[in-house]
Amino acid sequence: MPRSAIRATTIRRSRSTPRRADPGRRRKPAIIADVLTSQWRTRARLHFPARRAGTIRGMRAPAPKEPAINTSPSPGDDVRTTTCYMCACRCGIKVWLADGKIRYLQGNPAHPVNQGVICAKGAAGIMQHYSPARLDKPLLRVGERGSGEFREIEWDEALQIATGWLAPIRERNPDELAFFTGRDQSQALTGWWAQQFGTINYAAHGGFCSVNMAAGGLYTLGGSFWEFGEPDWEHARYFMLWGVAEDHDSNPIKLGLGRLKARGAKIVAVNPVRTGYGAIADEWIGIRPGTDGLFAFALIHELLRMDRIDLDYLVRYANAHWLVIRNPGGADDGLFARDAEGNTLCWEQGGGPARADAIGIAPAVVGEFTLADGRTAVPVFQLIAERYLDPQYAPDAVSERCGIPADTIRRIARELAQAAFESNLTLPIAWTDAWGREHAEMIGRPVAMHAMRGISAHSNGFHTCRALHLLQMLLGAVDAPGSFRYQPPFPKSVAPPNRPGKTRKDNGALDAPPLGFVHSPDDLLVDAAGRPRRIDHAYSWAYPLSAHGMMHTVIRNAHAGDPYPIDTLLMFMANMSWNSAMNTRETMHWLTDRREDGEYRIPHIIYSDAYASEMVAYADLVLPDTTYLERHDCISLLDRPISDADGAADAIRHPVFDPATQRAGRDVRGFQSVLLDLGARLGLPGMVHADGSPLYRDYADYIVRHERAPGVGLLAGWRGEDGAQHGKGAPNPEQMQRYIDNGGFWREEIPAHARYFKMANRGYLEWAQRFGFVGSTEPIVLQLYSETLQKFRLAAQGHGAQQPPPEHRKRVATYFDPLPIWYEPFESAELEASHSPLAGDGASTASAFPLSAITQRPMFMYHAWGSQNAWLRQIAARNYLYLHPDTGARYGIADLDWVAVDSHHGSITVQAKFARNMQPDTVWSWNAIGKRKGAWRLARNAPESSQGFLLNHLISDKLPKSDYANADPVTGQAAWFDLRVAIRKADGIARSQPQFAALAFDEADETPLRYGASMRARAHGR
C-alpha cells in the first residue's frame, strides 16, 4: 500500500473517540492536507471497488440523512505534463493544479522513462516548489563574503553589474572567467556560451561525479554505463550491479529489476554496502572499496583459464586480432601495425599480414609474427592472455584484498560463462552487418552489467571501468541480446571526434567547445613548457583525459593563482562551499581570503541557484533561478538525452507557473535565459544580430531556433517549417508547442533489425547517420587495447614532439597503460607508505587509518536540495555513521555511541549506528543530509545541522604526501571513495562536529531569513 494511504489509515480515529482539544496544535498547510486527502481518495477507489448501493467494502454506508460525498474527486481542475527535476532520472510527470496551485504530482504513464512510476522524490516536488528556501530577487553582497549579508536589487542592476565585470575580461583575456556549472542538465547551452565567450575555463559537474565512467567507456566501447547505456532488461538472465546506489536513474532501474525478478534472472550486487537494489539481489558481494577492478581481473583470469570466451565476437567487433608492434624503447613500441595507407593490420593464419577490417579471413589471435620490415608484432589478444593469466590475478591471490572468498570468485566466473554461452538465447530477427553480411538471427549473450559512482569515484576508477568493459567483451556481452545495450546517440567512434577548444578565432570565440576528448598529447591544453593552461588543470599532463573538467580543483587553483589569477568565478547550482567540496574548511577560507592589498584573491563571484544553499553566502552577486516548474529546460540529444536502447528520445520542461504569481515580491528568472541576456549585453557571437540587438528572446526561443549545425538543433522532434521532420530539419516556430501537446517529450523507435550490435549493424548506423549521431556508416571497433593511452606512455618515455615535464613522466608512463590495470587507491598507498600495519586489521592497506569510509545518496533524496524538502525530511532529517557490530566491538563502541572519526586530513564527531548490511572493514553514511546552520531556511536547531554531518570534512582535495589532486591520474575524477579513517568513542558529546558559524539569522524566531530580507528589514529600521 502506498505511504500516503498507510498514513491516512493510521490517523483515522474511531467515531467513539473524541478528538482532544489542542489550541496550540498547528494545522497542516491546506495544500498539504488537500494533497494527502486527494491521494487517499484516489487510492480508496483503486483498492476498494464500489459495491451495490454505493457502499465500499470495509466502509460504513452513509446514513440516510447524510449528504452524498464524492469520494473520488479529480486531483485538480487542470493538468500539465512536464519533466521531473528531483533527480537525474528525468521522468515524465503530470502536474495537477487547482486554483493555480499544485494539488498532486503523478507519473506520466505515456512517458518512456518512467512509464507512470513516480518515486518519493518526484512526488515531493510540491514541497520543492513551495520551499521557504527559494530565493526571491537578485542579491548584492553588502557584508563580508560568507556572512550571507546582502541587499535585494532589481534585475537591471544585477545584469549591469555582471556585464560590468565580464566585459573587460572578454576584452583583455577571456580565460580570466572561470565558468563552472553543477547538476544543471543544460550543458549544450552552457558549454556553447563559454565557447562564444572564449574562455577555456569551463566545466560541468562530471569531474567529481562520473567522468571515470564516461571516459572509461567512451575510450573503450564508444559508449558507457550510467546515462549512455542500459542492461537488456527483457532478455538478461544474469545481471551484475557494480557500485550502484539508488539515487540515480532509480525509476528505470526499479522497473527493470522488476522484469528481471519476474523472469527469474539472477541478480548479483557488488558493493561494500547492501541497500536498495542490493537488498533484493539474489547474491550480495560485500567487496572492500576500491578493489572492484581486482575482482574483475580475477573473473577474467578464470574465464581465460577455462577458455570460456567469445573469440568470434572479439575478432568480429573488437580489435583482438590487431597487431601491436613489440619494440621496447622504440618510438613505435605498442602502436598498431599499419600498411602504407594507415590501415591496421592483422596476421592471417597460414598467410601473412592482412587488413584487420577485411572479411573472409581467419586472423590469428595469439602468436608472435615478423612483418615485412623486420619488426615484431603480436595480436592484442596475445597481450591480454599474457597479462591476465598471470598468477597475481588468480582468485586465491586477490581474495584477501577484495574480501571475497576465492571459491566465490571461481563460482561467479562459472556462472557468467554458463549464462553467456549455455543459455542458447537467439532472437529470430534478420539483420545486415556493416560489411554487408546478412544474418538470419541475433545471437544473444544474456549477461548484463551496470556500474555507477561506487566504481568511478576512486583514483583507480578509470581502469576499473575499463576492466569491467574488458570482462563484458570477453563474454561477447556488449550490445548483444541479453547484455549491456547502447542508448542513442551512442555508440560513437572511439574516442569521440570532438577535441577540446584551444585557440580563439578572430571574433574571440573558441575554435571548439571547451570540453572534448583528447586523442594524443597534441590535444592537451598546456603551454610551451608543458604547464597547464586551464585553471582546473584539466587536459594537462597531470590529468590528460579529463573530459568533464575538474570542478573540485577550481577554487583552490583560483585562490592560488595557479597557473594564473582569474577575475570572476561564475557558478551555477554547485554547492562548492559545502557538500560538493573536498576540504570544506579550506574551501570556505579560499573563497573569503584576501590579498595583501585587502582585495579578495578571487575578485568576483557570481552564483546562481534557486535556493539559499551554503554556497549563496559566498557570492558577491546572486542571480536567483526558478524552480523546475517555472522554467524552460531542454533534455537534448546534444547533451544528456532520455533515450533508451530501443529508441532515441528527448524532452522539455516548460513553465507550469509564472514565478511572479507564486509569492508576492518574488522576481526570479531561469538561469539559461539570464545567460543568453548576458551574452547579448556582451555582444557575444551567435547571440546578437548585426545591429547588436539580442538574437534570442529567451531560452525557449533559443531551444527552438538555435542550430548547432545546419538542421541540427537542441530538439530532434517536429522539425522543419511544417514540423514533419525528425532528427534533422530547419527550425519549426511551433516546435515547443508540439512538445507540450505531446506530453513534453519526443521519441522515435529504432527499427527492430537495428536494435542490437549497433556498433556494426548497417541498419542502425544508417539510421544514426540520418539523425547526425555518427558521421559515417563505418563500423565502430571496440578497443580492448587503447592506442591512445599508449601514445601518452610513449611521450613519457621520451618520444614525440609533445612530452611531459620531468615531474610527470613516471606518473604518465605508469598509469597510461593501454590495457586495464589495477593499483592501490592513492590515499591508501601513500598512508601505507608512512605507517606500519596494525595487527588484526585483515586488510593489506592497514595503517593508522584502517577503515574505508564511503557515502551513498539515499533513494529518497538527491544532492543537497532534498533535505530542505518538508516531505522528504520526514523520511530522514539526520544521518548516522553506520558500522558493522563486529567493527563496533573491535573498537569498544556501542550502538548509538557518539564517535570521533579521524582521517589524515581532519576529524569529525558523529553518532554511530550498527548495521549488518555492510562489509566489516567499511563505515558509511548517507550523503548531503548534513547542513550548515542558517542555510536552506532550516530552523536553528534542525537535526540536519545539529546531528547531521558530512564526511567531506575528512576528505582532502590533495593527496596525503604529494601535490597532486585527490583524483584519478588519467581523468582527474575526484576520488571521494578512497577515504581512510580511524574511529574511537567520543564521551560527553551529543552533537555533530565540526560546527561552523551560522549564516544570517532573524533573532526573533531563530529561523534563517531569505537572503536579502534581513538587509531589507535593517534598511527600514526594523
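See above for the structure.
So, a few notes on the structure that sits alongside this text.

Before going further, it helps to examine the overall build of the chain. A count of helices and strands for the chain gives 27 helices and 36 strands. Over its C-alpha trace the chain gives a radius of gyration of 29 Å, about what one expects of a compact globule, namely 31 Å for 1022 residues. Across its three principal directions, the C-alpha atoms of the chain cover 95 × 80 × 75 Å. Relative to its full complement of 1022 residues, the chain shows a buried share of 64%. Partitioning the intrachain contacts of the chain with sequence separation of at least 6 by distance along the chain shows that 69% fall at a separation of at least 24. Put simply, the chain shows about 36,800 Å² of open surface, and 49% of that area lies on carbon and sulfur atoms. Here the chain contributes 115 positively and 111 negatively charged side chains, and the mean placements of these two sets differ by 9 Å.

Before going further, it helps to spend a moment on the packing of aromatic side chains. Using the criterion set out here, one finds 43 aromatic pairs in the structure. Here a set of aromatic residues connected by ring pairs shows up, and it is made of F179, W193, F197, Y202, F572 and F671. Residue placement shows R145 over the ring face of Y600; its charged tip is 4.0 Å from the ring centre. Directly above the ring of Y600 sits R594, whose terminal nitrogen or CZ lies 3.9 Å from the centroid.

Mapped onto the fold, S210 is located in the loop between β7 (202-203) and α7 (211-218). Residue class for S210 comes out buried when judged on its relative accessible area of 10%. S210 has contacts with W226, S456, H548 and Q973, leaving out every residue within four places of it along the chain.

Here we take up the pairing of strand β10 (residues 266-270). Extensive coverage of β10 is indicated by the burial of 4 of its 5 residues. When strand β9 (residues 238-242) meets β10, the two strands line up parallel, connected through 5 bridges. Across the sheet, the residue bridging to M240 is V268, located in β10. Read as a crossover between parallel neighbours, the route from β9 over helix α8 (residues 250-263) to β10 is right-handed.

Pairing is antiparallel across the open sheet formed by 3 strands, whose spatial order is β12-β16-β15. This sheet does not close on itself; its edge strands, each paired only once, are β12 (323-326) and β15 (369-370). With 2 bridges joining them, β15 and strand β16 (residues 376-379) adopt antiparallel strand pairing. Its bridge partner lying in β16, F369 is registered against A377. Against the sheet, helix α11 (residues 380-388) engages β12 and β16, with an angle of about 75° to β16.

Glancing now at the side chain of Q868. Summarising the element assignment, Q868 is placed in the loop between β31 (851-856) and β32 (881-883). With a relative accessible area of 6%, Q868 lands in the buried category. A polar atom in the side chain of Q868 sits 2.5 Å from the side chain of S131. Sequence-distant contacts of Q868, that is, excluding residues within four places in its chain, are made with Q128, S131, A133, Y611, R873, W936 and L938.

What follows covers the packing of helix α9 (residues 292-305) against helix α15 (residues 461-474). Following both chains from N to C, one finds α9 and α15 inclined at 25°, their axes separated by 9 Å at the closest point. Judged on the interaxial angle alone, α15 and α9 are roughly parallel. For α9 against α15, the interelement crossing comes out left-handed. Residues D292, G293, A296, F297, L299, I300 and L303 of α9 touch α15, and the partners they reach there are T464, A467, L468, L470, L471 and L474. Counted by class, the contact of α9 with α15 contains 10 nonpolar, 2 polar and 1 charged residues.

So, on to unusual backbone geometry. P489 follows P488 through a cis peptide bond whose omega is 15°. Structurally, the position occupied by P489 is in the loop between β22 (484-486) and α16 (554-560). That bond from Q993 to P994 is cis: its omega, 10°, falls within 30 degrees of zero. Among the secondary structure elements, P994 is positioned in the loop between β36 (980-985) and α27 (1013-1019). Of note, the phi angle at N424 is positive, near 55°, even though the residue is not glycine.

A few words now on the environment of M473. Structurally, the position occupied by M473 is in helix α15. Residue classification places M473 among the buried residues on the basis of a relative accessible area of 1%. Separated by 162 residues in the primary sequence, M473 and L311 place their C-alpha atoms 9.5 Å from one another. Excluding its chain neighbours within four sequence positions, the residues that come into contact with M473 are T220, L221, Y313, L314, V478, L782, Q783 and L784.

So, on to the nonpolar core. Generally speaking, soluble globular proteins have nonpolar side chains that are buried together. Core analysis: the largest hydrophobic core is formed by 305 residues, its most contacted members being W193, M240, W242, F295, L621 and L782. The element that contributes the greatest number of residues to this core is α9, accounting for 9 residues. L323, W347, F369 and L371 belong to the second-largest nonpolar core, a separate cluster that totals 9 residues.

If you walk across this open sheet you meet the 3 strands as β1-β2-β3, and the pairing is antiparallel. Both outer strands of the open sheet, β1 (78-83) and β3 (101-107), are each paired with one neighbouring strand and no more. Across the sheet, the mean angle from the axis of one strand to that of its neighbour is 30°, orientation sign disregarded. Pairing analysis gives 6 bridges linking strand β2 (residues 92-98) to β3, with the strands arranged antiparallel. Within β3, the residue paired with V95 across the bridge is L105.

Let us look at the state of the cysteines. Going through the model one piece at a time under the given rule, you end up with 0 disulfides. Here C91 is not cross-linked by a disulfide; its sulfur's nearest cysteine counterpart is in C89, at 4.2 Å. Relative accessible area serves as the criterion here: at 5%, C91 is assigned to the buried category. For C402, which is in no disulfide, the shortest distance to another cysteine sulfur is to C465 and amounts to 16 Å.

Working definition: two side chains of opposite charge can pair if their charged atoms are close together. The full count for this structure, using the stated rule, is 58 salt bridges. One salt bridge in this structure joins R601 and D593, with 2.9 Å as the shortest N-O distance. Residue D593 is classed as buried on the basis of its relative accessible area of 18%. With a shortest N-O distance of 2.8 Å, R681 and D677 are connected by a salt bridge. Residue R681 and its partner D677 are both found in helix α18 (residues 671-681); the two are separated by 4 residues, about one turn of the helix. Note on R681: relative accessible area 37%, which makes it partly exposed.

Another point: helix α23 (residues 806-815). Within the sequence span of α23, burial applies to H808, R811, V812 and Y815. Buried residues along α23 cover an arc of 100° about the axis, so they all sit on one side. Across from the buried face of α23, at angles greater than 90 degrees, the exposed residues are P806 and K810. Check the buried side of α23 and you find it contacts α15, α22 (787-796) and α24 (826-833).

Let us now look at the packing of helix α5 (residues 155-172) against helix α6 (residues 187-197). Two measures define how a pair of helices packs: the angle their axes make with one another and the distance between the axes. The interhelical angle for the contact between α5 and α6, taken along N-to-C directions, is 60°, at an axis separation of 10 Å. Viewed along their axes, α5 and α6 adopt a mutual orientation that is oblique. Taking contact as the criterion, the partners of L166, I169 and R170 in α5 are, on α6, W193, Q196 and F197. Along the lines of polarity and charge, the residues of the contact of α5 with α6 split into 4 nonpolar, 1 polar and 1 charged.

Parameters and conventions
Residues numbered from 1 in each chain as written. Predicted model: local features only at pLDDT ≥ 70, side-chain atom pairs only at ≥ 80, totals over all residues. Heavy atoms only, no water. Helix = DSSP H or I, 4+ residues; strand = E, 2+ residues; numbered from the N terminus. Rg over C-alpha atoms; globule rule 2.2 N^0.38 Å. Buried < 20%, exposed > 50% of the residue type's maximum accessible area, 1.4 Å probe, protein only. Contact = heavy atoms within 4.5 Å. Areas by Shrake-Rupley, 256 points an atom, 1.4 Å probe, with all protein chains shown as cover. Lys, Arg positive; Asp, Glu negative; His and termini not counted. Charge placed at Lys NZ, Arg CZ, Asp CG, Glu CD. Phe/Tyr/Trp six-rings, centres within 6.5 Å; stacked < 30°, edge-to-face > 60°. Lys NZ or Arg CZ within 6 Å of the ring centre and 35° of its normal. Pairing = 2+ DSSP bridges. Right-handed = clockwise from strand over helix to strand, strands pointing away. Axes fitted to C-alpha atoms, helices over the stretch in contact; angles between N-to-C directions. Polar contact = N/O pair within 3.5 Å; in protein donor to acceptor, adjacent residues only side chain to side chain. Parallel < 35°, antiparallel > 145°, perpendicular 65-115°, else oblique. Left-handed = near helix turned anticlockwise from the far one by under 90°. Nonpolar A, V, L, I, M, F, W, Y, C, P; charged D, E, K, R; others polar. Core = buried A, V, L, I, M, F, W, Y, C linked by side-chain atoms within 4.5 Å. Disulfide = S-S within 2.5 Å. Salt bridge = Lys/Arg side-chain N within 4 Å of Asp/Glu carboxyl O. Arc of directions from axis to C-beta.

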